[in-house]
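Residues per chain are reported as follows:
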Amino acid sequence: DDLNLTLKKENGTLEDVLEPADIDTISWTTKNIGTSGVLTRHILEIYWQEDTDIDASNLLYLYPANISKEAILADFEKIQKGEESTYLIKTESINEEVSGGKKYGMKYKFVGDALNGSDGNEVSKEVNYNSTEATIIDENISTDDTSKTDDEISFRVLVTPKLSYLFQGKPVSIKVTTEAMQYTEEGEENWTVVDTIEVTL
């Protein structure tokens, strides 16, 4: 199950509209409710609901959740100067046909935790989504978990400070699709979509 997908402002309240220079936190929990242990992987998508244009794919920047606001903004300035980012998570552009037009945004596909099932077999393995560079860490944010059946996942999203007024106030969707593969000795690969969760601002 995917649970509790939220986008929150820096003060912890739920975000209702994206504005220039926002640095918000996306988080959700993936829980293994089955008998067997599973490997997990996820697709995170963030996109504008209304028909925009292809430039919309380049307006959002994804970072580890524990990087400080100051470090994210400094990293963004490097990108604007044509320099290579230090902390940015590389994402794919979304450019998909939907009814009445196209949706544009970004997509990030990544491997999640291996999670124990209720059969008692030990398969759990934690993935660390955080940055480990102490000089840029926001010590008030900790997104790592120690659960063997749940995976708490968080990222930070920067909305470009140069966001055009044409995009301000437009509805944005955040969608998480989770795939799982039963953990077996044979290791036969058989990924299956097990849950999808979505919120719209």
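Further up the page is the structure itself.
Given the structure is predicted, the values throughout are model-derived calculations rather than measurements. (Residues numbered from 1 in each chain as written. Predicted model: local features only at pLDDT ≥ 70, side-chain atom pairs only at ≥ 80, totals over all residues. Heavy atoms only, no water.)

Draft legend 1. Looking closely at the nonpolar core. Judged by nonpolar contacts, the single largest core of 26 residues is most densely connected at Ile26, Trp28, Leu44, Ile46 and Phe155. Secondary-structure elements contributing two or more residues to this core are strand E1 (2-8), strand E2 (23-31), strand E3 (38-48), strand E4 (60-64), strand E6 (101-115), strand E7 (150-159) and strand E8 (172-182). No other element matches the four residues that E7 contributes to this core. In terms of nonpolar packing, the next biggest core, distinct from the first, is built from 10 residues, Tyr61, Ile67, Ile72 and Phe76 among them. (Core = buried A, V, L, I, M, F, W, Y, C linked by side-chain atoms within 4.5 Å. Buried < 20%, exposed > 50% of the residue type's maximum accessible area, 1.4 Å probe, protein only. Helix = DSSP H or I, 4+ residues; strand = E, 2+ residues; numbered from the N terminus.)

Draft legend 2. Just the pairing of E6, in detail. With 11 of 15 residues buried, E6 lies mostly within the body of the structure. In this sheet, E6 lies alongside E3 in antiparallel orientation, the contact comprising nine bridges. Counted as the bridge partner of Tyr47 is Gly105 from E6. (Pairing = 2+ DSSP bridges.)

Draft legend 3. Here's a closer look at the pattern of salt bridges. Applying the stated rule across the entire model yields five salt bridges. A salt bridge links Glu10 to Arg156, with the shortest nitrogen-to-oxygen separation between them at 4.0 Å. Of this pair, Glu10 sits in the loop between E1 and E2 while Arg156 sits in strand E7, placing them 146 residues apart in sequence. Overall, the relative accessible area of 48% leaves Glu10 in the partly exposed class. Take Arg156: its relative accessible area is 4%, and that puts it in the buried class. Note that Arg41 is salt-bridged to Glu179, the shortest N-O span being 2.6 Å. Within this pair, whereas Arg41 is found in strand E3, its partner Glu179 is found in strand E8, the two being separated by 138 residues in sequence. Across the pair, exposure class does not vary: Arg41 and Glu179 are buried alike. (Salt bridge = Lys/Arg side-chain N within 4 Å of Asp/Glu carboxyl O.)

Draft legend 4. The arrangement of the sheet that holds E2 in detail. Strands sit in the order E1-E2-E7-E4 across an open sheet of four strands; the sheet is antiparallel. Pairing within the sheet leaves two strands with one partner each, and these edge strands are E1 and E4. Taking each pair of neighbouring strands and ignoring which way they run, the sheet shows an average axis angle of 20 degrees. Inspection of the sheet shows E1 paired to E2 by five bridges, in the antiparallel sense. Within E2, the residue paired with Asp2 across the bridge is Thr30. Across the sheet, helix H1 (residues 69-80) is in contact with E2, E4 and E7; its angle to E4 comes to roughly 130 degrees. (Axes fitted to C-alpha atoms, helices over the stretch in contact; angles between N-to-C directions. Contact = heavy atoms within 4.5 Å.)

Keep in mind these values describe shape, not function.
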